[in-house]
Amino acid sequence: MADDVFQRVDELEEATIQRIIDRLEYRGTDPVFAAMRDAYLDAIDLAAADRVIEIGCGTGVVARAIARRPEFTGELHATDLTKAFVEAAARFAEAEGLGDRINFAVGDANRIDPIDGGYDIVIGHTLISHVADPDGLVAAASAALRSGGRLVLFDGDYASLIVGIGADAELDARVMSAAMQAACANPRVLRAMPRMLRDHGLELELVQDHVYSEVGTGEFFVGLAEYSAPIVSGVGAVPRDDVDRWLAGLRQANADGVYFGACNYYASIATRPQ
Ligand SMILES: C[S@@+](CC[C@H](N)C(=O)[O-])C[C@H]1O[C@@H](n2cnc3c(N)ncnc32)[C@H](O)[C@@H]1O
C-alpha cells in the first residue's frame, strides 16, 4: 500500500502544507481543470438540491464554486481529514464573502455524519485516489444519500498520467512510480468505479471523460512535477539527484517546446435508487 501524503498532511512541515495549499488553489484557477469541474456541476441539478456535502474538500475550491452558483440555494457542508486545509478553506471562503454559505468541518470521508433526510448530493473531487479505503468511501457516501440522491466522484486515472519527454524512459518510469507511491494510494481506482458503485447499491447515471494534455509547452503538468518533486525525492528507487535531473529535463523540454504531459480524468455520477 502506498504511503499517500494526502492521508497525513497535518504531520508535514508548514512550508510543505503551504505548497500543497497553493497547488490546490492554482488548480481551481486553471481553465481546463475548472471546466472539468463545472461540467459535472452543470449536470447534477444543483437548483433542486437542499443538502449538499463535499467530502475531502481540501481548501474548498469546489465548495466555493458551488456556493457561487446562483441556482444553488441549499445547505452546503464541506469536510476534510486535514485540519490545516479546513482552516485555510474557511479563510478563503470568508475572503470571498462566502463564509456564511459553507459549513466547513474536519471529517473522515469514510465516516459521513448522517443528516436528517439524507444528502441530495455527495461530491468527492480528486479524493478517492488518495483514501486508504476506497470501497469504504463509496459505502459511506451511498449510506449518506437520500433515495434518489446523487454521488459525484471526480478524479484522475493517475495510472494514465504521463509527465516526461521520453528522452530517458527508464528515469520517467521510475519517477512516475515513486510519485504514485508517495502521493497516490489508488492510481487505478477509477477502473473499479462501476463495480464499486454497483456493490454499494448505486446506479451509474453518467460518466464525463476528459483528456487533459499539454503538448509542446504547458503549465499544469510541469507545475505538478515542480510541486511533487520534493515529495517524491528519496521515495523508492529515486534519489534526489535523479528527481532533480528529471525536473531539469522537463523544464528544458518545456522551454524548447518539446514537452509532453497528459492524464485522463473522469467524473462518475451515480444515483441511489428510489
Ligand atoms: C488531492 S487533495 C484534493 C482536495 C480537494 N478536493 C481539491 O480537489 O482541491 C486530496 C484531499 O483528500 C483529503 N483526504 C485524504 N484522505 C481522506 C479521508 N479519509 N477523508 C477525508 N479527506 C481525506 C486530503 O486531506 C486532501 O485534502
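Scroll up to find the structure this text is about.
In this report, the structure presented in the accompanying data block is examined. Here the structure is a predicted model, which is why all the values come from computation and not from measurement.

In this section: the overall build of the protein chain. A count of helices and strands for the protein chain gives nine helices and seven strands. On C-alpha atoms alone, the protein chain measures out to a radius of gyration of 19 Å, which is about the 19 Å that the 2.2 N^0.38 rule sets for 274 residues. Its C-alpha atoms give the protein chain principal-axis dimensions of roughly 55 × 40 × 30 Å. Residues classed as buried in the protein chain amount to 42% of the 274 residues present. Counted over contacts in the protein chain with a minimum sequence separation of 6, partners at least 24 positions apart contribute 82%.

The next subject is the site of the ligand. Lining the immediate environment of the ligand, one finds 21 residues, of which Gly 56, Gly 58, Leu 81, Thr 82 and Ala 109 sit closest. A class-by-class count of the residues in the shell around the ligand yields 11 nonpolar, eight polar and two charged.

The strand order across the open sheet formed by seven strands is β3-β2-β1-β4-β5-β7-β6, and the pairing between neighbours is mixed. The two strands at the open ends of the sheet, each matched to only one other strand, are β3 (102-106) and β6 (203-216). The average undirected angle you get between the axes of adjacent strands in this sheet is 15 degrees. Bridging between strand β4 (residues 119-125) and strand β5 (residues 145-164) involves six bridges; their strand directions are parallel. Paired with Ile 123 across the strands is Val 152, a residue of β5. Helix α5 (residues 134-144) rests against β1 (51-55), β4 and β5 of the sheet, and its axis sits at about 150 degrees to β5.

Although it is not a glycine, Asp 45 adopts a positive phi angle of roughly 55 degrees. By the element assignment, Asp 45 lies in the loop between α2 (31-42) and β1. Despite not being glycine, Thr 126 shows a phi value in the positive range, around 45 degrees. Along the polypeptide, Thr 126 turns up in the loop between β4 and α5.

A separate point is the environment of Ser 213. Structurally, Ser 213 is set in strand β6. Residue Ser 213 is classed as partly exposed on the basis of its C-beta count, with 15 C-beta atoms lying within 10 Å. When the C-alpha positions of Ser 213 and Val 163 are compared, they lie 9.8 Å apart, and in sequence the two are 50 residues distant.

The next point concerns the nonpolar core. Of all hydrophobic cores here, the largest spans 81 residues; its most connected members are Ala 89, Val 122, Ala 141, Val 152 and Ala 179. Those residues in contact with Ala 141 that lie beyond four places of it in its chain are Ile 55, Ile 112, Val 122 and Leu 151.

Let us look at the packing of helix α6 (residues 169-183) against helix α9 (residues 240-256). At a minimum axis distance of 10 Å, the contact between α6 and α9 shows a crossing angle of 115 degrees. What the angle tells us is that α6 and α9 run roughly perpendicular. The hand of the α6/α9 crossing is left-handed. Together, Leu 171, Arg 174 and Val 175 of α6 and Asp 242, Val 243 and Trp 246 of α9 make up the contact between the two elements. Looking at the contact of α6 with α9, its residues break down into four nonpolar, no polar and two charged.

Moving on: the environment of Asn 254. Within the secondary structure, Asn 254 sits in helix α9. Judged by the 21 C-beta atoms lying within 10 Å of it, Asn 254 falls in the buried class. Taking the C-alpha atoms as reference points, Asn 254 and Asp 80, 174 residues apart in sequence, are found 35 Å from one another. The contact partners of Asn 254, leaving out residues within four places of it in the chain, are Thr 217, Gly 218, Val 222 and Tyr 259.

An ideal rise of 1.5 Å per residue puts 18 Å on 13 residues; helix α8 (residues 220-232) measures up with 18 Å between its terminal C-alpha atoms. Most pronounced at Glu 226, the bend in α8 amounts to some 25 degrees, and the proline Pro 230 follows within four residues. Considered for burial, the residues of α8 that qualify are Phe 220, Phe 221, Ala 225, Ser 228 and Val 232. Positive phi appears at Gly 234, one or two residues downstream of α8, with a value of about 85 degrees.

Reading the values: the criteria
Residues numbered from 1 in each chain as written. Predicted model: local features only at pLDDT ≥ 70, side-chain atom pairs only at ≥ 80, totals over all residues. Helix = DSSP H or I, 4+ residues; strand = E, 2+ residues; numbered from the N terminus. Rg over C-alpha atoms; globule rule 2.2 N^0.38 Å. Buried ≥ 20, exposed ≤ 12 C-beta atoms within 10 Å, placed from the backbone. Contact = placed C-beta atoms within 7 Å. Near = placed C-beta within 6 Å. Nonpolar A, V, L, I, M, F, W, Y, C, P; charged D, E, K, R; others polar. Pairing = 2+ DSSP bridges. Axes fitted to C-alpha atoms, helices over the stretch in contact; angles between N-to-C directions. Core = buried A, V, L, I, M, F, W, Y, C linked by C-beta atoms within 7 Å. Parallel < 35°, antiparallel > 145°, perpendicular 65-115°, else oblique. Left-handed = near helix turned anticlockwise from the far one by under 90°. Expected span 1.5 Å × (residues − 1). Bend = angle between axes of the 7 residues up to and from the residue.

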